[in-house]
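Here is how the chains run, residue by residue.
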Amino acid sequence: MKVFARLAADSGEVSMVDAPVPQIGGDEVLVRVGAFGVGLHDRSFIPRGVAFPYTIGTEGAGTVVETGDQVAGVSVGDRVIFTTSLQPQGGAWAEYAAANQHTLIPLPDGLTFAQGAAVPIAGKAALESLNALGLQGGDSLFIAGASGAIGSLVIQLAAAQGIRVAGSASAGNHAHMRALGLEHAADYQQADWPEGVRVWAGGGVSAALAIQPGTGMASQSVVRDGGRLITVSGDSAQIRPERGITVQQISHSHATQIKVAGLVAEIAKGQVQLIIENEYPFAEALDALKKTETRHARGKSVVVLG
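Right, let's walk through the structure included here.

Basis of the calculations
Residues numbered from 1 in each chain as written. Predicted model: local features only at pLDDT ≥ 70, side-chain atom pairs only at ≥ 80, totals over all residues. Heavy atoms only, no water. Buried < 20%, exposed > 50% of the residue type's maximum accessible area, 1.4 Å probe, protein only. Helix = DSSP H or I, 4+ residues; strand = E, 2+ residues; numbered from the N terminus. Pairing = 2+ DSSP bridges. Right-handed = clockwise from strand over helix to strand, strands pointing away. 1 Å grid on protein atoms, 1.4 Å probe; cavity = no way out; pocket = protein on both sides within 12 Å on 5 of 7 lines; lining within 4 Å. Points joined across faces, edges and corners; volume = space filled by probe spheres on them. Nonpolar A, V, L, I, M, F, W, Y, C, P; charged D, E, K, R; others polar. Salt bridge = Lys/Arg side-chain N within 4 Å of Asp/Glu carboxyl O. Axes fitted to C-alpha atoms, helices over the stretch in contact; angles between N-to-C directions. Contact = heavy atoms within 4.5 Å. Phe/Tyr/Trp six-rings, centres within 6.5 Å; stacked < 30°, edge-to-face > 60°.

This paragraph deals with the pairing of strand β10 (residues 164-169). β10 sits mainly inside the fold: five of its six residues count as buried. Both strand β9 (residues 140-144) and β10 contribute to a ladder of five bridges, which runs parallel. Across the sheet, the residue bridging to Ser-140 is Arg-164, located in β10. Regarding topology, helix α3 (residues 149-160) serves as the crossover connection from β9 to the parallel β10, and that connection is right-handed. For β10 and strand β11 (residues 184-187), the ladder comprises four bridges, and the chain directions are parallel. From the neighbouring strand, Ala-169 faces β11, where its bridge partner is Asp-187. As a crossover connection, the stretch from β10 through helix α4 (residues 174-180) into β11 is right-handed.

If you want it as structure tokens, here you go:
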């Protein structure tokens with residue numbers, strides 16, 4: 001089969017190469033990949049001690065073509081959403097991928113493979129972010145990097161709970177964010193944007209969510225005294241809390257997988273809008289990766305096979 005793989009541990013180069021179809025374990029399924037999601041860290045998210053070339057990628061959707069002897073409730077021919085995070089046999093950027101049965105979510109008939117592939121990572125991060133923020137109706141939230149895949153979901157989910165939402169992005173994405181439920185849009189390229197957020201929130205927001213790397217300190221500046229700052233990108237340790245603000249990184253829980261399945265159902269019913277910025281053909285997957293790595297996004301990019 002054809003895959004996109006990291007070629008060596010000491011190089012970030014990714015190329016299309018030939019690779020054997022993965023052998024599945026007893027609790028795994030083999031999926032013929034219909035689409036895979038493109039993530040900011042796909043190039044670097046590699047487990048230790050694996051053989052190279054190593055197929056990259058963490059999320060996808062497709063059709064089950066083989067099941068292990070310990071798999072229950074999943075059959076050949078089922079359409080599924082899956083994740084492949086840090087598994088030794090490789091990731092989702094391939095024509096076929098192995099996935100543990102516990103990562104599988106049924107793909108509703110009304111959703112395409114591209115839509116299914118756009119949900120797992122961003123959806124899980126959005127749900128875990130909201131859980132960590134601990135906000136209630138009437139509270140205010142600022143999101144740094146609000147126009148991307150995670151932010152587009154958080155805006156909608158928070159607004160549906162009665163939380164007032166502000167967010168930063170380039171000016172060209174402001175109308176997009178407002179259409180999702182954002183009240184106040186900040187242009188991070190303008191030096192005075194933090195003051196605008198503080199004024200909108202009446203002195204500071206209840207909490208802030210720093211999605212993009214390096215946005216934590218600026219986000220903390222718009223949080224009221226004693227509020228909360230949650231980071232997604234893992235740089236919380238570099239932020240010195242001030243004014244009694246609690247700073248923490250989102251935590252990952254297997255229990256969130258059940259909530260992701262619920263989010264998929266809401267998307268299928270049209271209750272939550274899934275934003276896909278671009279769908280790329282398989283041959284152009286590296287273009288999709290380079291675009292995502294610019295960190296300028298409106299929703300999610302996905303790669304569609306066949």
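Turning our eyes to something else, we now look at the sheet that holds strand β2 (residues 11-18). One open sheet accounts for three strands, arranged β2-β1-β4; its pairing is antiparallel. Of all strands in the sheet, those bounded by a partner on one side alone are β2 and β4 (54-55). Relative to β2, strand β1 (residues 2-8) runs antiparallel, the two sharing six bridges. Across the sheet, the residue bridging to Val-3 is Val-17, located in β2.

What follows concerns empty space enclosed by the protein. Within this structure, the stated rule accounts for two cavities of 30 Å³ or more. The computed volume of the largest cavity comes to approximately 40 Å³. In terms of lining, the largest cavity is formed by Ala-118, Ala-122, Ala-149, Ser-152, Leu-153, Leu-274, Ile-275, Gly-299 and Lys-300. Residue classes in the lining of the largest cavity are distributed as six nonpolar, two polar and one charged. Lining the second largest cavity, in full, are Phe-45, Pro-47, Tyr-54, Thr-55, Ile-56, Gly-57, Thr-58, Thr-84 and Leu-86. When its residues are assigned to classes, the lining of the second largest cavity shows five nonpolar, four polar and no charged.

Here the focus is the pattern of salt bridges. This structure, assessed with the given rule, holds nine salt bridges. Arg-198 is paired through a salt bridge with Glu-195; the nearest N and O atoms lie 3.1 Å apart. Of the two residues, Arg-198 and Glu-195 both sit in helix α5 (residues 193-200), three residues apart, roughly one turn of that helix. What makes Arg-198 partly exposed here is its relative accessible area of 24%.

So, about the sheet that holds strand β14 (residues 246-249). Strand order in the open sheet formed by six strands is β11-β10-β9-β12-β13-β14, with parallel pairing between adjacent strands. Only two strands of the sheet have a single partner each, and these edge strands are β11 and β14. Within this sheet the neighbouring strands show an average axis-to-axis angle of 20°, counted without direction. In terms of strand pairing, strand β13 (residues 223-231) meets β14 through four bridges, oriented parallel. Its bridge partner being in β14, Leu-229 is matched across the sheet by Val-247. Those strands touched by α5 are β9, β10, β11 and β12 (205-210), and its axis lies near 165° from that of β11.

The subject of this paragraph is the packing of aromatic side chains. With the rule as written, the count across this model stands at five aromatic pairs. Here the aromatic rings of Phe-36 and Trp-93 are separated by 4.7 Å at their centres, their planes lie at 25°, and the arrangement is stacked. Separated by 57 residues along the polypeptide, Phe-36 in strand β3 (residues 28-37) and Trp-93 in the loop between β6 (79-83) and β7 (96-100) bring together distant segments of the chain. In this structure, Phe-36 and Trp-93 share a single accessibility class: buried. Each ring, one from Phe-36 and one from Phe-282, has its centre 6.2 Å from the other, and the planes form 80°; the classification is edge-to-face.

On their own, these measurements won't tell you what the molecule is for.
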